[in-house]
Each structure stands twice: as structure tokens, then as C-alpha cells.
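Survey of secondary and tertiary structure
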Amino acid sequence: MFEKGKQYFSSERKEMLKFIPQDAKKILDIGCGVGAFAQQLCSDEREIWGLEPDQDSAVIASEKLY
């Protein structure tokens with residue numbers, strides 16, 4: 001669908017972790033790609049959701065996120 005490279009959709013974006021509050025219980029990652037960033041936030045205490053317009057990436061993310 002998009003002409004962005006595979007790396008774009010699989011970026012972990014570790015530099016963004018500092019912006020997520022430690023006590024956040026529900027997180028929505030808009031433009032989540034394959035869920036690489038949001039997967040770093042997963043824990044038993046958190047509910048992580050992702051939105052991704054690229055269908056191929058969304059399928060992969062759906063296996064990692066709620």
C-alpha cells in the first residue's frame with residue numbers, strides 16, 4: 001500500500017520510550033507498523049492497542065498486540 005521501506009514499519013523507536021509514563025495501563029499506538037515499538041511496552045499490567053493503515057503490517061502487529 002505504502003512506498004515506505006520495510007525498516008520504516010519495523011522500527012523499535014527506543015528513543016520514544018521515555019515519553020511513555022511508567023504507570024500507563026492502556027496505550028494506543030497510532031501508526032504502529034508491525035508493532036515493534038508497542039511490543040516493548042507490553043506487560044501483564046498493560047493493554048496495548050495499535051492502529052496501522054498498511055494491511056500487511058497490521059496483520060503482523062495483530063499477532064503482537066491486543
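To keep things clear, this report deals only with the structure shown in the data block. (Residues numbered from 1 in each chain as written. Predicted model: local features only at pLDDT ≥ 70, side-chain atom pairs only at ≥ 80, totals over all residues. Heavy atoms only, no water.)

1. Some remarks on the overall build of the chain
Here is the rule: In this description a helix means any DSSP run of H or I spanning at least four residues, a strand means any run of E spanning at least two, and both kinds are numbered starting from the N terminus. When a residue's accessible area, from a 1.4 Å probe over protein chains only, is under 20% of the maximum for its type it is buried; when over 50% it is exposed; and in between it is partly exposed. Pairs of residues are marked as contacts when any of their non-hydrogen atoms sit within 4.5 Å. Accessible areas in this description were obtained via Shrake-Rupley with a 1.4 Å probe; residue shielding takes into account the shown protein chains only.
A count of helices and strands for the chain gives three helices and two strands. For the chain, the sequential pattern of α-helices and β-strands runs α-β-α-β-α. Split into buried and exposed, the 66 residues of the chain put 30% on the buried side. Sequence separation of 24 or more characterises 43% of the internal contacts of the chain that already satisfy a separation of 6 or more. Element-wise, carbon and sulfur atoms account for 53% of the exposed surface of the chain, whose accessible area totals about 5000 Å².

2. Quick word on the side chain of Glu52
Stated precisely, the cut-off is as follows: We call two N or O atoms a polar contact when they sit within 3.5 Å, provided that within protein one can donate a hydrogen and the other can accept it, with sequence-adjacent residues counted only if both atoms are side-chain atoms.
Within the secondary structure, Glu52 sits in the loop between strand 2 (47-51) and helix 3 (55-62). Within the local environment of Glu52, its side chain forms a polar contact with the backbone nitrogen of Cys32, the two atoms lying 3.4 Å apart.

3. Regarding the environment of Ala36
Tracing the chain through its elements places Ala36 in helix 2 (residues 36-39). When its relative accessible area of 12% is taken as the criterion, Ala36 is described as buried. Sequence spacing of Ala36 and Ile60 is 24 residues, and the spatial spacing of their C-alpha atoms is 9.7 Å.

4. Section: the pattern of salt bridges
Note the threshold: Salt bridges are defined as contacts in which a side-chain nitrogen from Lys or Arg sits within 4 Å of a carboxyl oxygen from Asp or Glu.
Applying the stated rule across the entire model yields two salt bridges. Note that Lys14 is salt-bridged to Glu12, the shortest N-O span being 3.4 Å. Classification of Lys14 as exposed rests on a relative accessible area of 54%. Overall, Glu12 belongs to the partly exposed group, its relative accessible area being 38%. Here Glu15 ties to Arg13 by a salt bridge, and the two come within 2.6 Å at their closest N and O atoms.

5. Here's the deal with the nonpolar core
Stated precisely, the cut-off is as follows: Nonpolar cores were defined as sets of buried Ala, Val, Leu, Ile, Met, Phe, Trp, Tyr and Cys residues, with membership established by side-chain atoms within 4.5 Å.
Core analysis: the largest hydrophobic core is formed by 10 residues, namely Ile20, Ala24, Ile27, Cys32, Phe37, Ala38, Leu41, Ile48, Ala61 and Leu65. Each residue touching Leu41, except ones within four places of it in the same chain, is listed here: Leu17, Ile20, Ile27, Arg46 and Ile48.

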